[in-house]
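Residue strings, one per chain:
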Amino acid sequence: MEFADLIKTPKLDGVLLYLPDHDNQQATVEGTLCITGHHLLLSARQENTQELWLLHKNIDCVEKKPRLMQNIVTGGIITLKCKDLRIISLEIRYAKEFFNVSSSLEALSAIQNVELEYPFFYRPMYAILEDGYTMFRPELEFGKLISGVGAPSSPNVAAINVCTPSTSTTAAAGSGSGGMIGIPHPLQNGFTMDAAAAVTGGNIPVCEWRITNCNKDFSVCATYGAMLIVPKAITDEQIALSASFRDGGRFPVLSYRHENGATLMRSAQPLSIQGIKRCRADEAILNLVLGRSKKGFIVDTWGKGKSNTETDQHYSQWKKVNRAIGNVSSPASILDSFGKLIDACNDISCTTDKWLSRLENSGWLNLVLNSLNASCVVAQCLDQEGSPVLVHGAKGLDSTLIVTSLVQIILNPDCRTVRGLQALIEREWIQAGHPFASRHRYSCYTPHQTRNKNSGATFVLFLDCIYQLYTQFPCSFEFSTQLLILLFEHSYFSQYGTFLCDSERERHELRVHTRTTSLWSYLNRPDVLQTLLNPLYEPNANVIWPSVAPISLELWSELYLRWVIDQRNIATTMAQIQELVTREKELRTQAIKLRKQALELSQEVLALKNDKDV
């Protein structure tokens, strides 16, 4: 298929563009409309006028309203409801062009072939300083994670070795690595190397975990990555048996190790197969994780009575805890809630009471509250009980990842930094197999009956939870909320390949790491990074315990209301704060300099006095 086959009218003059504006007004621009393979452009070709540059992937819904004169179509208005929550209207004066443009936009925004998406065509106009695809390699990230390297909250954590299996080969390790060409790998040259030692530059004596390549061809679990961290005493055969016992093959894997040694694992729920009530290999994994602990916790995030869980008889040392995120039967239910929220936010004509009622009926803030509540329960088990925790819910692709990610942000200060958050998303979402392509194919504006059941807004819910933590601890995060908004946008539409596909297997098959550019490469450029930093940031090595009282929640107006309410005051305030912080640093530097000069002068006076006395 060629893009030209879908573009019936590539250029059209005299198009009126209605952009969302504040104060209940619309900004109107008349200009030339251009449709390319990936973008919709409109320009008035005049200075100081707004222009439109829109990725087709950003279009969530196309609505047509033809204009009739004596029952004859004479043009009309095309309304584009976008995944970044904008609503844009185009007024076209002629019937043929009206239908041509609308059909072209419907076709171009609905292309299913991943290789035709913009990231495969985009070439950055800047030098790539760091390859984002190799910044967070699994063996190095997990080596840091369990050894405490780079985690400011745990300088005295006991070093735990990550051992690679001695039977692994260089070829096996390399398969599925995508963009790791040219980067030394711990399994190269026929010898094994400790991943944590590769980070620290030394040998670490204790060995409790290992990297397994049993999923190198993605045959054990289609949604997991090629490299996984498992207990050293567990064989690859036991892993395969455990995978056959869990939904989608998602057997228990290491997610995080707290500074007190307590481990957080995640998996899918056990399969419901008649006649199969237990799996000894699965039990062995969890019993090994227990170690010296007398008990562990299995936290189910799906809902009591809706998911299968481990039997008390065979997991006697594990206490079952139900912390459902919400009354959801599928990820699409979360998107339904998100859609009701945005509908309420866009309704500027209703009364206050009605608006508050619609906000409550959306159920979105309840999902946020339940996510934070479940995460705090898991964090308490790890931090205060010192007990291992296994988190699962249904297939382990949605609510499970929300909880395991938020737990790490609460407990680990490194995850509250820019790079730490990037690494967390890479580990717990991208490499963990969250199906971004399926979940984000449709957003909140697509009618419920049109969306497929795999659509969702799980990642948006996760970002909103981070925002709630940010509002309660505004000085504990290195990044500003602008980074969260950028992540929201790029997870739906982007020129970068980071959020493409549903799993590492798909990204490996399409060679995404070598054919596209990483979002992390862009965000970590010094000039870009500077715009994402929080001026109030003060490194906080402590655990942050958020309030989960309903009154503590805030509507994320910077995202949900940014096309409804003027956000320029927020930007002005942040700029003023940045100026004050910069001025304070300058004054501190000047004060230190003056103190030094005063000390030198006092020493000179003292020396002169001594000379006079002599």
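Structure: see above.
This structure is a prediction, so every number in the text was calculated from the model and none was measured.

Trainee: Just to check I follow, could you spell out the overall build of the chain for this structure?
Mentor: Secondary structure summary: the chain contains 22 helices and 15 strands in total. Each of the 614 residues in the chain was classed as buried or not, and the buried ones make up 54%. Partitioning the contacts of the chain with sequence separation of at least 6, the portion at a separation of at least 24 is 70%.

Trainee: Before we go on, may I ask you to explain the side chain of aspartate 282 in this structure?
Mentor: Locating aspartate 282 in the fold gives a position in helix α8 (residues 280–290). You can call aspartate 282 buried: its relative accessible area is 0%. At 2.7 Å, the side chain of aspartate 282 and the side chain of arginine 246 are in polar contact. When near neighbours in sequence (up to four residues on either side) are disregarded, aspartate 282 contacts Ser242, Phe245, Arg246, Pro252 and Tyr315.

Trainee: Any chance you could explain the packing of helix α12 (residues 399–411) against helix α13 (residues 418–430) here in plain terms?
Mentor: Axes are the key here: two packed helices are described by the angle between their axes and the distance separating the axes. It is the contact of α12 with α13, at a shortest axis distance of 10 Å, that shows an interaxial angle of 150°. The orientation of α12 relative to α13 falls into the category roughly antiparallel. For the crossing formed where α12 meets α13, the hand is right-handed. Contacts between α12 and α13 involve Leu401, Ile402, Thr404, Ser405, Gln408 and Ile409 from the first element and Leu421, Leu424, Arg427, Glu428 and Trp429 from the second.

Trainee: Just checking my understanding: could you explain the environment of threonine 471 for this structure?
Mentor: Position of threonine 471 relative to the elements: it lies in helix α15 (residues 458–472). Classification of threonine 471 by relative accessible area gives partly exposed; the value is 24%. Sequence separation between threonine 471 and glutamate 554 is 83 residues, and the spatial gap between their C-alpha atoms is 8.0 Å.

Trainee: I keep staring at the packing of α15 against helix α16 (residues 481–492) and nothing clicks. Help me out?
Mentor: One can describe the packing of α15 onto α16 by two numbers: an axis separation of 10 Å at closest approach and a directional angle of 180°. By the angle between their axes, α15 is roughly antiparallel relative to α16. The segment α15 lies against α16, with Phe459, Val460, Leu463, Ile466, Tyr467 and Tyr470 engaging Thr481, Leu484, Leu487, Phe488, Ser491 and Tyr492. Residues belonging to the contact of α15 with α16 are distributed by class as follows: 10 nonpolar, two polar and no charged.

Trainee: I tried to follow the packing of aromatic side chains on my own but got confused; where do I start?
Mentor: Note on aromatic pairs: each is described by the distance of the centres and the angle between the planes. For the structure shown, the criterion picks out 22 aromatic pairs. Measuring from ring centre to ring centre gives 5.1 Å for tryptophan 429 and phenylalanine 462, while their planes differ by 35°; the resulting arrangement is tilted. Within this pair, whereas tryptophan 429 is found in helix α13, its partner phenylalanine 462 is found in helix α15, the two being separated by 33 residues in sequence. The class for phenylalanine 462 is buried, based on a relative accessible area of 0%. The rings of Phe136, Trp429, Phe436, Phe459, Phe462, Phe499 and Trp520 are connected pair by pair, giving a single aromatic cluster.

Trainee: Help me understand unusual backbone geometry, please; the structure alone is not making it clear to me.
Mentor: A negative phi holds for most residues other than glycine; trans holds for most peptide bonds. Positive phi, normally seen in glycine, also occurs at cysteine 501, with a value near 70°. Of note in this structure, arginine 511 is not a glycine but carries a positive phi near 55°. Structurally, arginine 511 can be placed in the loop between α17 (504–509) and α18 (512–515). Classification of arginine 511 by relative accessible area gives partly exposed; the value is 48%.

Trainee: Just checking my understanding: could you explain the side chain of threonine 9 for this structure?
Mentor: Among the secondary structure elements, threonine 9 is positioned in the loop between α1 (3–6) and β1 (11–20). Aside from chain neighbours lying at most four places away, what touches threonine 9 is Ile35, Glu97, Asn100 and Val101.

Trainee: When you look at the sheet that holds strand β12 (residues 263–267) in this model, what are you seeing that I'm missing?
Mentor: In sheet architecture, strand pairing relies on hydrogen bonds along the backbone and comes in two forms, parallel and antiparallel. With mixed pairing, the five strands of this open sheet are ordered in space as β11-β12-β15-β13-β14. Where the open sheet ends on each side, the last strands, each with one partner, are β11 (253–257) and β14 (318–322). Direction aside, neighbouring strands of the sheet carry axes that sit 25° apart on average. Sheet topology note: the β12/strand β15 (residues 389–392) ladder contains four bridges and is parallel. If you follow leucine 264 over to β15, its bridge partner there is valine 389. Sitting on the sheet, helix α11 (residues 364–383) is in contact with β11, β12, β13 (296–300), β14 and β15, with an inclination near 160° to β15.

Conventions used here
Residues numbered from 1 in each chain as written. Predicted model: local features only at pLDDT ≥ 70, side-chain atom pairs only at ≥ 80, totals over all residues. Heavy atoms only, no water. Helix = DSSP H or I, 4+ residues; strand = E, 2+ residues; numbered from the N terminus. Buried < 20%, exposed > 50% of the residue type's maximum accessible area, 1.4 Å probe, protein only. Contact = heavy atoms within 4.5 Å. Polar contact = N/O pair within 3.5 Å; in protein donor to acceptor, adjacent residues only side chain to side chain. Axes fitted to C-alpha atoms, helices over the stretch in contact; angles between N-to-C directions. Parallel < 35°, antiparallel > 145°, perpendicular 65-115°, else oblique. Left-handed = near helix turned anticlockwise from the far one by under 90°. Nonpolar A, V, L, I, M, F, W, Y, C, P; charged D, E, K, R; others polar. Phe/Tyr/Trp six-rings, centres within 6.5 Å; stacked < 30°, edge-to-face > 60°. Pairing = 2+ DSSP bridges.

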